[in-house]
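Residue-level structural notes
What follows is each chain in one-letter form.
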Amino acid sequence: MANLRTQVGIVGAGPAGLVLSHLLHLEGIDSVVLENRSRQYVEERVRAGVLEQGTVDLLIEMGVGDRLKKEGLFHYGVDLRFHGCGHRIDFRELTGGKGIVVYAQQEVVKDLNDARIAAGGQVIFEIEDLSVHDFHSSHPRIRYRNNGAEYDLACDFIAGCDGFHGICRPSIPTGVLTEYEREYPFGWLGILAEAPPSSDELVYCYHEKGFALLSMRTPHVSRLYLQCKPDEDINKWSDQQIWDELQARLACNGWTLTEGSVLQKGVTGMRSFVVEPMQYGRLFLAGDSAHIVPPTGAKGLNLAVSDVRVLARALKQFYARGSRDLLDKYSETCLQRIWKAQRFSWWMTSLLHRFPNATPFDARRQLAELDYVTSSRAAATTLAENYVGLPME
Ligand SMILES: Cc1cc2nc3c(=O)[nH]c(=O)nc-3n(C[C@H](O)[C@H](O)[C@H](O)COP(=O)(O)OP(=O)(O)OC[C@H]3O[C@@H](n4cnc5c(N)ncnc54)[C@H](O)[C@@H]3O)c2cc1C
């Protein structure tokens, strides 16, 4: 077995792991990122696309925002559509000039990989059988196999950035973590389509047939979603059936939904999940490994970024001054923002989806709430400031 050493061993090359590695590099702290998928796979995985103002500012500050500034779609509002009418929520006016940027997660990952590799960083793909050890001592270790050889990576800290299905969270002894969870009785059927977006801004639509979302990735590619059963069989939906359903739900006077060829389609489940605390000894969980939000609030990637920002600052303080103050408070600091994002994501989901056992009363209440959010400046401001992102710390 080959023995290696670094300061921070990072499991997972998703947004959390790569942002953390680059932030640490900018502070002169060494890290190794270990990823079980190939570079091509992580750079082609279609997921999030909405970046909060704070995420955009951080990526630019880190020197990985050049392409984002050129190719990202800067938005200063969203459309809430119900009863066949659109109602714009003006972020710029309601939040003092803030907005969001639509820039696909796989592009963020590409930019980060390029930056790490250009800076001589170590991001190792296609590793196998990774396991984490001794993280309750001051000498944690990560073991893994790569190209048939076995490695033992000694480090000062381990960052578990390995997503919801990773191995870091389950490696923490039973009884340490408390899990908070909610499953939703529906999912999203999503398509990526070669069609120019039919709206300049995202359209969130409440409809008696179920929720629909019109989003986009580039000026030529649209991303659209339909509320469906959580176990919906995607093979039962032809491309034309998907377009017909989108047409029916998104219909709005004087507006047309442009169709195009479907490049990708799939069904995503909806869940809210948080573990507390997000640390145990020298193992720190960040991003989806510690929490999941339903995608309605567009918060998952953004929370992953804000977690590692907190962790990078805490590690900087440790290496610069030998103080564990910020590290000890890591979980508490992150959870304040995470629970607010959980609340917002749950609220947006509850507001816009049809629940299977909903009564006529529930539907009338949802419509009254939509009417209130789109007609009261106070209510619209609440949506806007959460959507563009609450302060990072
Ligand atoms: C359909 C969909 C739409 C979404 N839309 C949005 C949106 O609009 N806005 C938003 O903010 N968020 C959105 N999200 C959520 C967002 O994609 C995630 O929150 C984000 O990817 C979290 O980043 P992460 O780095 O924590 O985890 P991941 O991106 O999951 O990265 C974890 C990495 O760890 C690797 N890994 C796992 N196990 C191991 C192991 N044992 N060893 C080594 N490596 C391992 C994985 O391969 C992966 O590369 C969406 C998600 C989905 C599925």
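First, a word on scope: everything that follows refers to the structure included in this document.

1. Observations regarding the pattern of salt bridges
Here the structure, examined in full by the defined rule, presents 25 salt bridges. In this structure, the salt-bridge partner of Asp90 is Arg88, at a minimum N-O distance of 3.3 Å. Ionic pairing is found between Arg143 and Asp152, a salt bridge with its closest N-O pair at 3.3 Å. Arg143 gets classed as partly exposed once you look at its relative accessible area, which sits at 33%. A single salt-bridge network, built from bridges that share partners, covers Arg67, Glu71, Glu107, Lys110 and Asp111.

2. Considerations on the side chain of Arg217
Mapped onto the elements, Arg217 comes out in strand 16 (residues 212–218). Of the side chains bearing the opposite charge, Glu107 lies closest to the buried Arg217, which forms no salt bridge; the N-O distance is 8.6 Å. Within the structure, Arg217 has its side chain in polar contact with the backbone oxygen of Arg47 (distance 3.0 Å). Sequence-distant contacts of Arg217, that is, excluding residues within four places in its chain, are made with Arg47, Ala48, Gly49, Leu73, Val102, Ala104, Leu192, Arg223 and Tyr225.

3. A few points about the packing of aromatic side chains
All told, the structure shown has 18 aromatic pairs when counted by the stated rule. With centroids separated by 5.3 Å and ring planes inclined at 25°, the aromatic side chains of Phe91 and Tyr387 adopt a geometry described as stacked. Of the two residues, Phe91 is situated in helix 5 (residues 91–95) and Tyr387 in helix 13 (residues 377–387); the sequence distance between them amounts to 296 residues. Residue Phe91 is classed as buried on the basis of its relative accessible area, which comes to 0%. For Tyr387, a relative accessible area of 1% translates into the label buried. Counting every residue linked through ring pairs, the aromatic cluster contains Phe91, Trp188, Tyr204, Phe211, Tyr225, Phe344, Trp347 and Tyr387. If you follow Arg92 out to its NZ or CZ, it ends over the ring of Tyr76, 3.9 Å from the centre.

4. Focus: the environment of Leu383
Its place among the elements puts Leu383 in helix 13. As for Leu383 and Ile89, which are separated by 294 residues in sequence, their C-alpha atoms are 8.3 Å apart. When sequence neighbours within four positions are dropped, the list of residues in contact with Leu383 reads Leu80, Ile89, Phe91, Phe344, Trp347, Met348 and Val373.

5. Section: the packing of helix 11 (residues 330–352) against helix 12 (residues 360–375)
Relative orientation of the contacting elements helix 11 and helix 12 amounts to 120°, with a least axis distance of 9 Å. Taken together, helix 11 and helix 12 sit at an angle that is classed as oblique. Where helix 11 approaches helix 12, its residues Trp347, Ser350, Leu351 and Leu352 are matched on the opposing element by Gln366, Glu369, Leu370 and Val373. Partitioned by chemical class, the residues of the contact of helix 11 with helix 12 number 5 nonpolar, 2 polar and 1 charged.

6. Quick look at unusual backbone geometry
For the bond from Glu276 to Pro277, the omega torsion is -10°, close enough to zero to count as cis. Position of Pro277 among the secondary structure elements: in the loop between strand 18 (261–276) and strand 19 (279–280). For His83, which is not glycine, the phi dihedral falls at a positive 55°. In this fold, His83 is placed in the loop between strand 6 (77–82) and strand 7 (85–90).

7. Some words on the site of the ligand
Looking at the ligand, there are 32 residues lining it, with Glu35, Arg45, Gln105, Asp288 and Leu301 nearest. The side chain of Glu35 places a nitrogen or oxygen atom 2.6 Å from an oxygen atom of the ligand. A distance of 3.2 Å separates an oxygen atom of the ligand from a polar backbone atom of Ala298. Calculation on the ligand without its partners gives an accessible area of 1000 Å², and the protein chains cover 89% of this total. At the level of secondary structure, the elements contributing two or more residues to the shell around the ligand comprise helix 1 (15–26), strand 17 (221–228) and helix 9 (300–321). No other element matches helix 9, which puts 4 residues into the shell around the ligand. Looking at the shell around the ligand residue by residue, the class counts come to 13 nonpolar, 11 polar and 8 charged.

The rules behind each value
- Residues numbered from 1 in each chain as written.
- Predicted model: local features only at pLDDT ≥ 70, side-chain atom pairs only at ≥ 80, totals over all residues.
- Heavy atoms only, no water.
- Salt bridge = Lys/Arg side-chain N within 4 Å of Asp/Glu carboxyl O.
- Buried < 20%, exposed > 50% of the residue type's maximum accessible area, 1.4 Å probe, protein only.
- Helix = DSSP H or I, 4+ residues; strand = E, 2+ residues; numbered from the N terminus.
- Lys, Arg positive; Asp, Glu negative; His and termini not counted.
- Polar contact = N/O pair within 3.5 Å; in protein donor to acceptor, adjacent residues only side chain to side chain.
- Contact = heavy atoms within 4.5 Å.
- Phe/Tyr/Trp six-rings, centres within 6.5 Å; stacked < 30°, edge-to-face > 60°.
- Lys NZ or Arg CZ within 6 Å of the ring centre and 35° of its normal.
- Axes fitted to C-alpha atoms, helices over the stretch in contact; angles between N-to-C directions.
- Parallel < 35°, antiparallel > 145°, perpendicular 65-115°, else oblique.
- Nonpolar A, V, L, I, M, F, W, Y, C, P; charged D, E, K, R; others polar.
- Near = heavy atom within 4 Å.
- Areas by Shrake-Rupley, 256 points an atom, 1.4 Å probe, with all protein chains shown as cover.

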